[in-house]
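What follows is the residue order along each chain.
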Amino acid sequence: MRVVIAEDSALFREGLAGLLATAGHEIVASLASAEGLVEAVVEHRPAVAVIDVRMPPRMTDDGADAAREIRLLRPDQPILLLSQHLETRHSVQLVSTGAFGYLLKDRVLRVEDFLDALSRVAAGGSALDPAVVSALLAPRRSELEPLSPRELEVLGLVAEGHSNAAIAGRLFVTDRTVESHLRSIFQKLSLDESSATHRRVHAVLTYLRNSG
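Residues numbered from 1 in each chain as written. Predicted model: local features only at pLDDT ≥ 70, side-chain atom pairs only at ≥ 80, totals over all residues. Heavy atoms only, no water.

Caption draft 1: Region of interest: the overall build of the protein. A tally of regular secondary structure across the protein gives 10 helices and six strands. Expressed as a percentage of the 212 residues in the protein, the buried residues total 51%. For the protein, the share of sequence-separated contacts (at least 6 apart) that also reach a separation of at least 24 residues comes to 62%. Taken as a whole, the protein presents about 9,700 Å² of accessible surface, with 52% of it coming from carbon and sulfur. (Helix = DSSP H or I, 4+ residues; strand = E, 2+ residues; numbered from the N terminus. Buried < 20%, exposed > 50% of the residue type's maximum accessible area, 1.4 Å probe, protein only. Contact = heavy atoms within 4.5 Å. Areas by Shrake-Rupley, 256 points an atom, 1.4 Å probe, with all protein chains shown as cover.)

This is how it looks when you write it as structure tokens:
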């Protein structure tokens, strides 16, 4: 899989490149600044672009801004944003479109989780950091009271972008059990369920963002 990396920390950037190369991926461009990032992605057309949210030259949201510009030019381009700090606005804006992920940098240290998220994003799915999902769920606890503890667990995994099969594997239940939980969740929260994972994620995140 061809990957573009944009990360200003040389140590983290080289470590990430080494991790991806070891996993069999090809690094087609590696940048230390958001300058030139859009052009690099358009030129190389990578399977996924891994981008730090905060980068030079301004050290604000340069990486996220570049990601939005990339999406304007290439709407289907898979993008995985990385952030040192917990923020939700970037994830909510982009994750509902599919082929998008937003992870805290600590998640990269959990190699299997990171590579799984990378693969999901490259395949057109979504990957949202569990810490971001928890931050979105916390203010909505009163609205989520109708859900059982297991349904809350399933809801969180849906918001992270996992498929039914992946959720079943994590919870050690059957796909049919997951489907049953999802029907109950969407009925209780009055959400419009779709078979497309990123559309389910969109429905869940829209609810979490706008309810109350």
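Caption draft 2: Spatial organisation of helix α5 (residues 111–122). Here α5 spans 16 Å end to end across 12 residues, near enough to the 16 Å set by a 1.5 Å rise per residue. Listed as buried for α5 are F114, A117, L118, R120 and V121. What you see down the axis of α5 is that its buried residues fit within an arc of 165°, all on one side. Those residues of α5 that are buried are in contact with α1 (10–22), β3 (48–52), β4 (79–83), β5 (100–104), β6 (126–128) and α7 (149–160). (Expected span 1.5 Å × (residues − 1). Arc of directions from axis to C-beta.)

Caption draft 3: Structural detail: the pairing of β3. Extensive coverage of β3 is indicated by the burial of five of its five residues. The two faces of β3 match: V48, V50 and D52 on one face and A49 and I51 on the other face are all buried. For strand β1 (residues 2–6) and β3, the ladder comprises four bridges, and the chain directions are parallel. Across the sheet, V4 pairs through a bridge with A49, a residue of β3. A crossover links β3 with its parallel partner β4, the connecting element being helix α3 (residues 62–73), and its sense is right-handed. (Pairing = 2+ DSSP bridges. Right-handed = clockwise from strand over helix to strand, strands pointing away.)

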